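Here is what each chain is made of, one letter per residue.
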Amino acid sequence: MTPAAAERELGLLALVGTPNSGKTTLFNALTGLRQKVANYPGVTVEKKEGRLAFGDRPPRVVDLPGLYGLEAHTPEEIVAEDVLRGRGRFGERPSALLVVLDGSALERSMALLRSVLDLGLPTAAVLTMADEIKARGGRLDIEALSRELGVRVVPVVGHKGIGLEEARALAAGWRTWPLPALTKGPLGPAERYAWAGGIVERALGAALREDSRSQRIDRWVLHPVAGPALFLALMTVFFQSIFTWAKPAMDGLTRLTDALGGAVERALPPGLAASLLKDGVLHGAGAVLAFLPQILILFFMLLLLEDIGYLARAAFLMDRIMGWAGLQGRCFVALLSSYACAVPGILSTRGIPSPEDRLATMLVAPLMTCSARLPVYALLIGAFVPDRAVLGPLRAPGLALLSLYLLGSFSAFGAAWLLRRTLLTGDITPFYIELPPYRFPTLGNIAVAMLDRARIFVRRAGTVILGVSVFTWVLLNVPRLAPASGDAAPPAAARADRQMRYSLAGRVGAALEPVFRPLGFDWRINVALLGSLVAREVAVSTLGQIYGATAEGGWDLRQALRDGRDPETGRPLMPLPAALALLAFFVYALQCVSTLAVLRRETNGWRWPAFAFSAMLACGWVAGALTHWAAAALLR
Amino acid sequence: MSLAELHDGQTALLEGYEPGLPAPWRRRFEDLGLLPDTPVRRVRRAPLGDPIAFEVRGTFFCLRRAQARLVRVRLGRRAPGRSSQSPARGCRGA
């Protein structure tokens, strides 16, 4: 038997269910960590497939996008319907269907099940949130339910891990599932709901009460005063984590990188090899890995808020404000994710139904202050902003950082508004979002998602950023200046500086000086800028190479930036207006190949990424020039 | 009257949809169980006035006021003895 035929023998199980029904938890439980995520061919819809972690002939399991009924409207629903009906555009037809019945919205799930039964495939069901049924006054008679529905039913309580092994066993025995035995053809919505209602009554006792717990919580979460207050409190925690909690981890990793650098210096003779290892590799990759903790913390909070059901409420609260920029509530969630990293933020715009809203959100997401900007901000603010109290407990550096964040956020908002009025006009789309019941978070799901994130991030650090760091190092050290000899030999720092100016990178930087002179940049800053166009983090390690070389004695990059002097002219290497202009530049410029790559994938072309890159570069240039002009004038 | 005219906590029964409501929306509502004579309750509106949160058959969802105006309702209570079902008329076979 060929491998393909063997694979077909094992079968393909499809998970079908409404959104927010606990399908993800079930999928994770059925497949363990044996899953892979890709895209369906030709569309930006995620395909999640894995293999059942049970039995010796495990079928493949695919988690289809959530459906409310078998008539598709959104791209995700179109894919799901296509697969279920076996039209073949998005993959093979499943061998059997496992329908997820949401215990907290039974009638709706059963109405969907009734439509699914019309497809005529072997079908079984898993009842998630099974504890909700008892909690709402029903009795859980699984046998009666099975009998009435005509399919096998296994109850689970996902976040407590109850019933998952039975669900896996059920899935493994898909060949024994009966074909649906229906006495009528497809039913319309009213008839399906009548069918479902009758079954709920007969199998579960009296009709279920409403979910009073979620309603009680929502009385506060959606309250006109308490709601926004809670929202602001959560946002404060979110941003505080950026500024405060990740710092010890970041500092620890930075110290480790420095210690390793010191060890390299001691172990290897001074020269190119030691320099490459220390400056190119360690500082380059280390600069990136240092804020892995921060990204993980931010994602943890976002995933947690989503899992318990709060993000839908946040979209509800923010919809009106988003509307002022021509966007909608869901866009807020995507933009919030972009504070950690624009790439998942852009990916999460997939849920936005209006193409114009979605594109506008994708294009402005890079303006949100992502984590990669933070090391650069921290470095420049630490070097140039004195640690003085400004307004009571507020200190100048904190205020400076906050202003940069606010500048990025407001610019994103303004850019979206502008885009929706000029390039991306379209009807204001209707806004619809479901408010799922509040649920206990399933930490397993969150852990899986975070592991995924971390893996992508470390892989990027290991390849792109390390590559650019090493490449920049090479460009900064080649070609070599002839070593000076005799008594007129300049001191080591001056020699190192001259070497860099003489190198390939230095020459390119010098060639760019006319372009960036209005921003006050010299060849040194230009070199750092060029490297950072690939990834912002590279700027820190490049600045470290350039400015560290000219420092004497105990070396602190911040001090080197502030106090470094040109060996020949004696003028400051980085004057304050230039530093401020550099900060302004970083607020706006799109400096991330990963962002460009994901924009290309999500918009199916290079047109929009090119537009975003050029527009943001131009804004960065203008912002830098204005800042330099203003700072130079004020400081005169 | 329209869905947009309900007050917080008020329940109404669905009458129908205005022609201006796009067909996909109507089908989405029907898939959610918002069928003729189904009770729908306005929960509350967002602090800035829009959108509005509703509840039907135990599901909570939000709509902007502009769309809520396209849903026709009439005031009425739920059928006694049933908390979240529409009065089923016939058709119990599958």
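Residues numbered from 1 in each chain as written. Chains lettered and ligands numbered in written order. Predicted model: local features only at pLDDT ≥ 70, side-chain atom pairs only at ≥ 80, totals over all residues. Heavy atoms only, no water.

Engineer: Would you mind going over the pattern of salt bridges with me for this structure?
Structural biologist: When charged atoms on two side chains of opposite charge get close, those side chains can pair. Residues and elements named next belong to chain A. Overall, the coordinates contain 34 salt bridges over all chains when judged by the stated rule. Ionic pairing is found between Arg57 and Glu9, a salt bridge with its closest N-O pair at 3.1 Å. Of this pair, Arg57 sits in the loop between β3 (46-51) and β4 (60-63) while Glu9 sits in helix α1 (residues 3-10), placing them 48 residues apart in sequence. In this structure Arg57 comes out as partly exposed when scored by relative accessible area, which is 43%. The salt bridge partner of Arg313 is Asp218, with a shortest N-O separation of 2.8 Å. Of this pair, Arg313 sits in helix α13 (residues 310-324) while Asp218 sits in helix α9 (residues 212-221), placing them 95 residues apart in sequence. Of the two residues examined, Arg313 and Asp218, each falls in the buried class. One network of salt bridges, with partners in common, ties together Lys47, Glu49, Arg60 and Glu92. (Salt bridge = Lys/Arg side-chain N within 4 Å of Asp/Glu carboxyl O. Helix = DSSP H or I, 4+ residues; strand = E, 2+ residues; numbered from the N terminus. Buried < 20%, exposed > 50% of the residue type's maximum accessible area, 1.4 Å probe, protein only.)

Engineer: What exactly am I supposed to notice about the environment of A:Thr425 here?
Structural biologist: Residues and elements named next belong to chain A. Position of Thr425 relative to the elements: it lies in the loop between α18 (396-421) and β10 (432-435). A relative accessible area of 46% places Thr425 in the partly exposed class. In the structure, Thr425 is positioned 69 residues away from Glu356 in sequence and 7.0 Å away in space, judged by C-alpha atoms. With residues up to four places along the chain from it excluded, the contact list for Thr425 reads Glu356, Leu419 and Arg420. (Contact = heavy atoms within 4.5 Å.)

Engineer: Could you clarify how one ought to interpret helix α1 (residues 23-31) of chain B in this entry?
Structural biologist: Residues three or four positions apart in an α-helix share a direction because the helix packs 3.6 residues into each turn. Buried within α1(B) we find B:Trp25, B:Arg28, B:Phe29, B:Glu30 and B:Asp31. Just past α1(B), the residue B:Gly33 takes up positive phi, approximately 100°.

Engineer: Which parts of the structure should I look at to understand helix α17 (residues 373-384) of chain A?
Structural biologist: Residue and element names in this part refer to chain A. Here α17 is twelve residues long and its end C-alpha atoms lie 17 Å apart, about the 16 Å a rise of 1.5 Å per residue gives. For α17, the buried fraction is high: ten of the twelve residues fall into the buried class. Burial in α17 covers these residues: Arg373, Leu374, Pro375, Val376, Tyr377, Leu379, Leu380, Ile381, Ala383 and Phe384. (Expected span 1.5 Å × (residues − 1).)

Engineer: Just checking my understanding: could you explain the environment of A:Trp324 for this structure?
Structural biologist: Residue and element names in this part refer to chain A. Relative to the helices and strands, Trp324 is located in helix α13. For Trp324, a relative accessible area of 52% translates into the label exposed. Taking C-alpha positions, Trp324 is 8.9 Å from Phe413, a pair spaced 89 residues apart along the chain.

Engineer: Explain unusual backbone geometry to me, please; I cannot follow it from the model alone.
Structural biologist: It is generally the case that most residues other than glycine have a negative phi and that most peptide bonds are trans. Residue B:Pro51 is bonded to the preceding B:Asp50 through a cis peptide linkage, with omega at -10°. Located in the positive-phi region is A:Asn20, a residue other than glycine, with phi close to 65°. With respect to the helices and strands, the residue A:Asn20 is situated in the loop between β1 (12-16) and α2 (23-31). Residues other than glycine seldom take positive phi values, yet B:Arg57 does so here, at roughly 50°. As for its placement among the helices and strands, B:Arg57 is situated in the loop between β3 (52-56) and β4 (59-63).

Engineer: Quick question: what am I supposed to make of the confidence of the model for chain B here?
Structural biologist: Detail in the predicted coordinates should be disregarded across regions flagged by low pLDDT. Residues and elements named next belong to chain B. The predicted model of chain B has a mean per-residue pLDDT of 80, with 81% of residues at 70 or higher. With pLDDT under 50 throughout, residues 80-94 is counted as low confidence; its partners more than four residues away or in other chains account for 34 contacts. Scored by ipTM, the complex comes to 0.81, with pTM at 0.82. (pLDDT = per-residue confidence, 0-100.)

Engineer: Whenever I open this one, the sheet that holds β3(B) confuses me. Can you help?
Structural biologist: Sheets are built from strands that pair by backbone hydrogen bonding, the pairs being arranged parallel or antiparallel. Taken together, six strands build an open sheet; the order of strands is β10(A)-β4(B)-β3(B)-β2(B)-β1(B)-β5(B) and the sheet is antiparallel. The open sheet has two edge strands with one neighbour each: β10 of chain A together with β5 (71-75) of chain B. Each strand of the sheet is rotated relative to its neighbour by a mean of 40°, with strand direction disregarded. (Pairing = 2+ DSSP bridges. Axes fitted to C-alpha atoms, helices over the stretch in contact; angles between N-to-C directions.)

Engineer: Would you take a moment to explain the packing of aromatic side chains for this structure?
Structural biologist: Given two aromatic rings, one states the distance between the centres and the angle between the planes to describe the pair. For the coordinates displayed, the defined rule picks out ten aromatic pairs over all chains. Ring centres 6.2 Å apart and planes at 20° place the aromatic pair A:Tyr339 and A:Tyr405 in the stacked group. Within this pair, whereas A:Tyr339 is found in the loop between α14 (329-337) and α15 (342-347), its partner A:Tyr405 is found in helix α18, the two being separated by 66 residues in sequence. Three or more aromatic residues link up through ring pairs in this structure, and these residues are B:Tyr17, B:Trp25, B:Phe29, B:Phe54 and B:Phe61. Taking NZ or CZ as reference, A:Arg114 lies 6.0 Å from the ring centre of A:Trp195, over its face. (Phe/Tyr/Trp six-rings, centres within 6.5 Å; stacked < 30°, edge-to-face > 60°. Lys NZ or Arg CZ within 6 Å of the ring centre and 35° of its normal.)

Engineer: What is the right way to look at the interface of chain B and chain A in this model?
Structural biologist: As a measure of interface size, the accessible area lost when the parts come together is often cited. Facing 39 residues of chain B, the contacting portion of chain A comprises 49 residues. For the pair chain B and chain A, the summed buried surface comes to about 4000 Å²; carbon and sulfur atoms form 56% of the total. Counting the contacts that link chain B with chain A gives five salt bridges. Among the elements of the structure, α1, β2 (39-45), β3 and β4 of chain B are those that each provide at least two residues to the side of chain B that touches chain A. The element contributing the most residues to the side of chain B that touches chain A is α1(B), with six residues. Within the side of chain B that touches chain A, the residues separate by chemical class into 17 nonpolar, eight polar and 14 charged. Summarising the sheet, β10(A) and β4(B) pair through four bridges and their orientation is antiparallel. Along β4(B), the bridge assignment pairs A:Glu434 with B:Phe61. (Buried area = accessible area lost by both parts, 1.4 Å probe. Nonpolar A, V, L, I, M, F, W, Y, C, P; charged D, E, K, R; others polar.)

Engineer: I'm lost on the pairing of β1(A) in this one. Help?
Structural biologist: Residue and element names in this part refer to chain A. For β1, a buried count of five out of five residues is recorded, marking the element as mostly surrounded by other parts of the structure. Neither face of β1 is open: one carries Leu12, Ala14 and Val16, the other Leu13 and Leu15, and all of them are buried. Where β1 and strand β5 (residues 96-102) come together, four bridges link them in parallel fashion. Looking at the pairing, Val16 lines up with Val99 of β5.

Engineer: Got a minute to help me understand empty space enclosed by the protein in this structure?
Structural biologist: Any space left empty among the atoms is revealed by the rolling of a water-sized probe across them. Under the definition given, this model contains five cavities of 30 Å³ or more. In this model, the second largest cavity occupies a volume close to 110 Å³. In terms of lining, the second largest cavity is formed by 16 residues, of which the most central are A:Ser104, A:Glu434, A:Pro437, B:Gly58 and B:Thr59. Looking at the lining of the second largest cavity, the elements that each hand over two or more residues are β10 of chain A together with β4 of chain B. When grouped by side-chain class, the residues that make up the lining of the second largest cavity number five nonpolar, five polar and six charged. (1 Å grid on protein atoms, 1.4 Å probe; cavity = no way out; pocket = protein on both sides within 12 Å on 5 of 7 lines; lining within 4 Å. Points joined across faces, edges and corners; volume = space filled by probe spheres on them.)

Engineer: So what exactly am I meant to see when it comes to the sheet that holds β4(A) here?
Structural biologist: Residues and elements named next belong to chain A. Spatial ordering of the open sheet is given by β2-β3-β4-β1-β5-β6-β7, a layout of seven strands whose pairing is mixed. Here the strands that pair on one side only, and so sit at the sheet edges, are β2 (35-39) and β7 (153-155). On average, adjacent strands in this sheet sit at an angle of 25° to one another, irrespective of strand direction. Pairing of strand β6 (residues 123-128) with β7 involves three bridges; the strand directions are parallel. Across the sheet, Leu127 pairs through a bridge with Pro155, a residue of β7.

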